[in-house]
Amino acid sequence: MNEIMELKTELKKLAEDASLALKEAKGREGLENLRIAYLGRKGALTRILGKMKNLSLEEKKTVGKQANELKKQLGESFKEKLLQCKEKKVTEKIDITLPGIKPKLGHLHPITLISNEMKEIFKGLGFDFVTGPEIENEYYNFEALNFPEEHPARDSFDSFYLAPNILLRSHTSPVQIRTMEKRKPPLRIITTGRCFRRDAIDASHFPAFHQMEGLMVGERISFSHLKGVLTYFLRKIFEPDIEVRFSPSYFPFTEPSAEVSISCPFCSGTGCGSCGHSGWIEILGAGMVNPDVFKKVNYDPEKFTGFAFGMGIERIAMLKYKISDIRDFWENDLRFLEQF
Ligand code: PHE
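Everything numeric here is computed off the predicted structure, so don't read it as measured data.

Analysis parameters
Residues numbered from 1 in each chain as written. Predicted model: local features only at pLDDT ≥ 70, side-chain atom pairs only at ≥ 80, totals over all residues. Heavy atoms only, no water. Core = buried A, V, L, I, M, F, W, Y, C linked by side-chain atoms within 4.5 Å. Buried < 20%, exposed > 50% of the residue type's maximum accessible area, 1.4 Å probe, protein only. Contact = heavy atoms within 4.5 Å. Disulfide = S-S within 2.5 Å. Salt bridge = Lys/Arg side-chain N within 4 Å of Asp/Glu carboxyl O. Helix = DSSP H or I, 4+ residues; strand = E, 2+ residues; numbered from the N terminus. Expected span 1.5 Å × (residues − 1). Pairing = 2+ DSSP bridges. Axes fitted to C-alpha atoms, helices over the stretch in contact; angles between N-to-C directions. Lys, Arg positive; Asp, Glu negative; His and termini not counted. Domains from an automatic or database assignment. Patch = residues over 30% accessible without salt bridge, like charges linked within 9 Å, V, L, I, M, F, W, Y side chains within 5 Å. Areas by Shrake-Rupley, 256 points an atom, 1.4 Å probe, with all protein chains shown as cover.

Draft legend 1. Just the nonpolar core, in detail. In this structure, Met118, Leu234, Phe238, Leu284, Phe307 and Phe309 are the most contacted members of the largest nonpolar core, which totals 49 residues. Excluding anything up to four places from it in sequence, Leu234 contacts Glu239, Ile242, Val244, Val260, Ile262, Ile283 and Leu284. Listed in part, the 24 residues of the second largest apolar core include Phe157, Leu167, Ile189 and Val293.

In structure tokens:
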């Protein structure tokens, strides 16, 4: 009889201790430690129950019942307290006065920005925007542009070949041919896109670069139109007062051909390091479409004339934004990109 009384008091004491400890317990971890200490497999309750083995069956029943009730009750108290803990945690976390996290927003690459600006100028002159493939065959990249096979000018383009006859286009001029095959004159088109040449990398060369190409074909289109359109464009994209110079040049697909320079934007033409002290910076190639090119696309060279031009977009961007190294466009350094 003594034993059972003892056990019952122990259980009662355990209940009191536990509820006191529970009141003072802090945090989820503290609670879990308490639960293990009282209700765990090696906890206080198990220890008390271990002492039941000498009791009679009847006694075991009463003590067992009391122990089970206690276990249930304590278990529930733990759960409740745990719940309070959770709720507290959540309310502590939400501070509606904290400023939000600003999502990082990207913007257009400087090459895209300048391309768009260039396109807008030509759009204003009635030019349509067209595109063509970056992977070309020799016919469009060379042959139709009047570079016959073995023509030495092919070497200067030093192209990337993917397979015999298949190459990454080395200029945007093939788009002229593709467009003329599809459309009848008169036409006014521009295109922009990536081009590829096996150039060694330095501050002004990169094996991938962008060009803009333009073509205007119609009856009685003359060199004066070419001069007028390009001068207008260059004065729009740079400064209204720049000088534009046309000097003789050579391209197989234009005749006559011209190399176009602008007065150096760095020194306004007085001569500096950027323009090799000449006061001029060469900026694009142009010319009157060679009649042989018209023949390739079944345009009547007796009836139609036209002009074409092509320029490196990086070069325009470098001059306009005063960027000294072409590699900056490809490195995706945020310190560079964020300036645009
Ligand atoms: N395709 C020439 C180049 O890449 C540029 C050009 C285009 C010249 C159109 C004349 C006319 O060098």
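Here the narrative resumes.
Draft legend 2. Focus on the state of the cysteines. Applying the stated rule across the entire model yields 0 disulfides. Its sulfur unpaired, Cys264 is 3.6 Å from the next cysteine sulfur, which belongs to Cys267.

Draft legend 3. Here's a closer look at the pattern of salt bridges. Within this structure, the stated rule accounts for 14 salt bridges. Arg335 is the partner of Asp333 in a salt bridge, and the nearest nitrogen-oxygen pair spans 2.7 Å. Exposure remark for Arg335: the relative accessible area of 65% places this residue in the exposed category. Sharing partners across several salt bridges, the network here consists of Glu138, Glu143 and Arg154.

Draft legend 4. Here's a closer look at helix H1 (residues 2-24). For H1, spanning 23 residues, the distance from its first C-alpha to its last is 33 Å, which sits close to the expected 33 Å at 1.5 Å a residue. Looking only at H1, the buried set comprises Ile4, Leu7, Leu11, Leu14, Ala18 and Leu22.

Draft legend 5. The environment of Gly214, seen in detail. With respect to the helices, strands and loops of the structure, Gly214 is situated in strand E6 (residues 208-218). Separated by 151 residues in the primary sequence, Gly214 and Val63 have C-alpha atoms spaced 99 Å apart.

Draft legend 6. Structural view of the sheet that holds strand E7 (residues 244-251). Taken in spatial order, the 7 strands line up as E1-E5-E6-E10-E9-E8-E7 in an open sheet, and their pairing is mixed. Either end of the sheet is taken by a strand with one partner, and the two such strands are strand E1 (128-129) and E7. Each of strand E5 (187-196), E6 and strand E10 (305-312) is contacted by helix H8 (residues 174-182), which is oriented at about 40° to E6, the strand it contacts most.

Draft legend 7. Structural view of the side chain of Arg169. Its place among the elements puts Arg169 in the loop between strand E4 (166-168) and H8. Among buried charged residues, Arg169 stands out as having no salt bridge; its nearest opposite-charge side chain is Glu134, 4.7 Å away. Setting aside residues no more than four positions away along its own chain, Arg169 makes contact with Gly132, Pro133, Glu134, Glu136, Asn141, Pro174, Val175, Thr192, Gly193, Arg194, Cys195 and Phe196.

Draft legend 8. The domain arrangement of the protein, seen in detail. Annotation of the protein at the domain level lists domain 1 (2-93) and domain 2 (110-337). For domain 1 and domain 2, the distance between their C-alpha centres works out to 86 Å.

Draft legend 9. Local environment of a nonpolar patch on the surface. Taken together, Ile135, Leu162 and Ile166 make up a surface patch of nonpolar side chains, about 250 Å² in accessible area. Within the secondary structure, Leu162 is located in strand E3 (residues 161-163).

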